[in-house]
Amino acid sequence: MNRTLTVAAAQMGPLQKSDGRDVAVARMVRLLEQAHHRGAEVVVFPELALTTFFPRWYHEDLDEADQWYESALPSPATAPLFAAIRRLRLTVYLGYAEIAHEPDEHGVLRKRRFNTSVVIGPDGEIVLKYRKIHLPGHVEYAPNRRVQHLEKRYFEVGNLGFPVVRAPAGRLDGVNMGMLICNDRRWPESWRELGMQQVELVMLGYNTPSLNMENRGFEAHHLRVFHSELSVQAGCYQNACFAVAVAKAGSEDGHELQGHSIIVNPQGEVMARTTRWVDELAVADCDLDMCRLGRETIFNFAAHRRPEAYTHLTAHAGSVAPAVWSPK
Ligand code: CDV
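About the criteria used
- Residues numbered from 1 in each chain as written.
- Predicted model: local features only at pLDDT ≥ 70, side-chain atom pairs only at ≥ 80, totals over all residues.
- Heavy atoms only, no water.
- Helix = DSSP H or I, 4+ residues; strand = E, 2+ residues; numbered from the N terminus.
- Rg over C-alpha atoms; globule rule 2.2 N^0.38 Å.
- Buried < 20%, exposed > 50% of the residue type's maximum accessible area, 1.4 Å probe, protein only.
- Contact = heavy atoms within 4.5 Å.
- Pairing = 2+ DSSP bridges.
- Axes fitted to C-alpha atoms, helices over the stretch in contact; angles between N-to-C directions.
- Phe/Tyr/Trp six-rings, centres within 6.5 Å; stacked < 30°, edge-to-face > 60°.
- Patch = residues over 30% accessible without salt bridge, like charges linked within 9 Å, V, L, I, M, F, W, Y side chains within 5 Å.
- Areas by Shrake-Rupley, 256 points an atom, 1.4 Å probe, with all protein chains shown as cover.
- Salt bridge = Lys/Arg side-chain N within 4 Å of Asp/Glu carboxyl O.
- Near = heavy atom within 4 Å.
- Polar contact = N/O pair within 3.5 Å; in protein donor to acceptor, adjacent residues only side chain to side chain.
- Left-handed = near helix turned anticlockwise from the far one by under 90°.
- Nonpolar A, V, L, I, M, F, W, Y, C, P; charged D, E, K, R; others polar.
- UniProt positions renumbered as here; feature names shortened; annotations may be inferred.
- Core = buried A, V, L, I, M, F, W, Y, C linked by side-chain atoms within 4.5 Å.
- Parallel < 35°, antiparallel > 145°, perpendicular 65-115°, else oblique.

Let us look at the overall build of the protein. From N to C terminus, the protein includes eight helices and 14 strands. A compact globule built from 328 residues would reach a C-alpha radius of gyration of about 20 Å, and the protein, at 20 Å, matches this within 12%. The principal-axis extents of the C-alpha atoms in the protein amount to approximately 70 × 55 × 45 Å. Taken across its 328 residues, the protein has 52% of its residues classed as buried. Within the protein, residue pairs in contact and separated by at least 24 positions form 69% of the contacts whose partners lie at least 6 positions apart.

Pasting the structure below:
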């Protein structure tokens, strides 16, 4: 039986600081309609798709930043998006900033903030939630930086692991779906966690500045795109899966985001890409049985992985210096 899934990367052009949710949602509904028209069953939006990339803006008091978060989905502002998903019978990846009132690791109920993505099913139901684990940036205002990147201030590290879910029989060809968010794509550990759960389709959104903002040395413009694509292509190849990797693109209040959304197959090849810095779709047909070749041969994990030799991977976060070679 042929298992072919049509997927769309719904890249979004810039959202300005002054743009309300209505601006984002109206543009997203239009992208959903275009994706449906082109035969897509799954549509992937960028990270933090409902607002500008607000972690570039500093707020002393975290509560002052609450305007950027969603405390419920759907909400009155996002209801038209959910209505379009139901009307068009789509499955959608949505990235957004989440406020959750839930117990912390000490069991204390409090207000918590996460960089989150969800998979929304064709009935408008949330079928899977992921909270970003690899948060880049810093906590405090950094005067040495050209632009702030305050994700570590505005979000806690995700506490849901890297979940994967299988679509029910008769839906989306029973595809195994997982999610990553932006910086996660650069970490092979993220992909392997999904690969270990037989993921076939990885959905991920990102907001990547065109320039390195850390002021610690030069990184060529074109290499920013190369590193993004290298990471996604390697993740797909090494875990025998497809990925839909979707950018926010263009200038948000003078701060440029790199665009270059791609759809990649299990051989690591780019199947489709966006070419502009505006709202734009890339669409591809994914033959899910392509995942079997890698999975049954070179990356047959059960046959070839050696977890007993991977002792450093979970023992500590930082690297350790090797022993010194002692000359004779
Ligand atoms: N939003 C992100 O996670 N952005 C990072 C940047 C800061 C490097 C990324 O990995 O694209």
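That shown, we press on.
As a further point, take the sheet that holds strand β14 (residues 280–287). Within the open sheet, the six strands sit side by side as β5-β4-β3-β2-β1-β14. Their pairing is mixed. A single partner strand is all that each edge strand has here, and the edge strands are β5 (126–131) and β14. When strand polarity is set aside, the average angle formed by the axes of neighbouring strands in this sheet is 35°. Pairing geometry for strand β4 (residues 109–120) and β5, over five bridges, is antiparallel. Within the sheet, the bridge partner assigned to Thr116 lies in β5 and is Arg131. The sheet strands contacting helix α1 (residues 21–37) are β1 (4–11), β2 (42–44), β3 (91–103) and β14, and the helix crosses β14 at an angle near 40°.

Another point: the sheet that holds strand β7 (residues 176–181). The strand order across the open sheet formed by six strands is β6-β7-β8-β9-β12-β13, and the pairing between neighbours is mixed. At either margin of the open sheet sits one strand with a lone partner, and together these are β6 (164–166) and β13 (270–273). The mean angle between the axes of side-by-side strands here comes to 20°, regardless of whether they run parallel or antiparallel. Most of the contacts of helix α5 (residues 221–239) go to strand β12 (residues 262–264), to which it runs at about 25°, and overall it touches β8 (201–206), β9 (242–247), β12 and β13.

The subject of this paragraph is the packing of aromatic side chains. According to the stated counting rule, one finds eight aromatic pairs in the structure shown. Ring centres of Phe54 and Phe155 lie 5.8 Å apart, and the angle between their planes is 65°; this geometry places the pair in the edge-to-face category. Here Phe155 lies in the loop between α3 (151–154) and β6 and Phe54 lies in the loop between β2 and α2 (79–88), a separation of 101 residues in the sequence. Residue class for Phe54 comes out buried when judged on its relative accessible area of 0%. Taken together, a centroid distance of 5.5 Å and an interplanar angle of 75° make the contact between Tyr58 and Tyr141 edge-to-face. Remark: Tyr141 occurs in the loop between β5 and α3 and Tyr58 occurs in the loop between β2 and α2; sequence separation between them is 83 residues. The partly exposed category is assigned to Tyr58, whose relative accessible area is 29%.

Together, Leu223, Phe226 and Leu230 line one region of the surface with nonpolar side chains, adding up to about 260 Å² of accessible area. Residue placement: Leu223 occurs in helix α5.

The subject of this paragraph is the site of the ligand. Near the ligand you find Glu47, Phe53, Lys132, Pro136, His149, Glu151, Cys182, Asn183, Arg185, Arg186, Asn207 and Thr208, and these make up its full shell. Glu47 is positioned such that a nitrogen or oxygen atom in its side chain is 3.1 Å from a nitrogen atom of the ligand. Relative to its free-state accessible area of 320 Å², the ligand is covered by the protein chains to the extent of 89%.

The next thing to look at is the packing of helix α4 (residues 188–195) against α5. Where α4 contacts α5, the two axes come as close as 10 Å, and the packing angle between them is 30°. Between α4 and α5 lies a crossing whose hand is right-handed. Contacts between α4 and α5 involve Trp191, Arg192 and Gly195 from the former and Ser231, Val232, Gly235, Cys236, Gln238 and Asn239 from the latter. Split into classes, the residues belonging to the contact of α4 with α5 amount to three nonpolar, five polar and one charged.

Okay, the UniProt feature "domain: CN hydrolase" (unreviewed entry) in the protein next. Per the UniProt record, the feature "domain: CN hydrolase" (unreviewed entry) sits at residues 5–288. For the annotated span residues 5–288, helix accounts for 20% and strand for 30% of the residues, and the straight-line distance between the end C-alpha atoms is 7 Å.

What follows is about the nonpolar core. With 45 residues, the main nonpolar core has Trp191, Leu201, Val202 and Met203 as its most contacted residues. When residues of this core are assigned to their parent elements, the largest contribution, six residues, is made by β9. For Trp191, the residues in contact, after removing those within four places along its chain, are Leu180, Asp184, Arg185, Val202, Leu204, Ser231, Val232, Gly235, Cys236, Asn239, Cys241 and Ala243. Of all hydrophobic cores here, the second largest spans 29 residues; its members include Val29, Leu31, Leu32 and Leu81.

Turning our eyes to something else, we now look at the packing of α1 against α2. Following both chains from N to C, one finds α1 and α2 inclined at 10°, their axes separated by 9 Å at the closest point. In terms of axis orientation, α1 runs roughly parallel to α2. Within the contact between the two elements, α1 uses Val25, Met28, Val29, Leu32, Glu33 and His36 and α2 uses Pro80, Leu81, Ala84, Ile85, Arg87 and Leu88.

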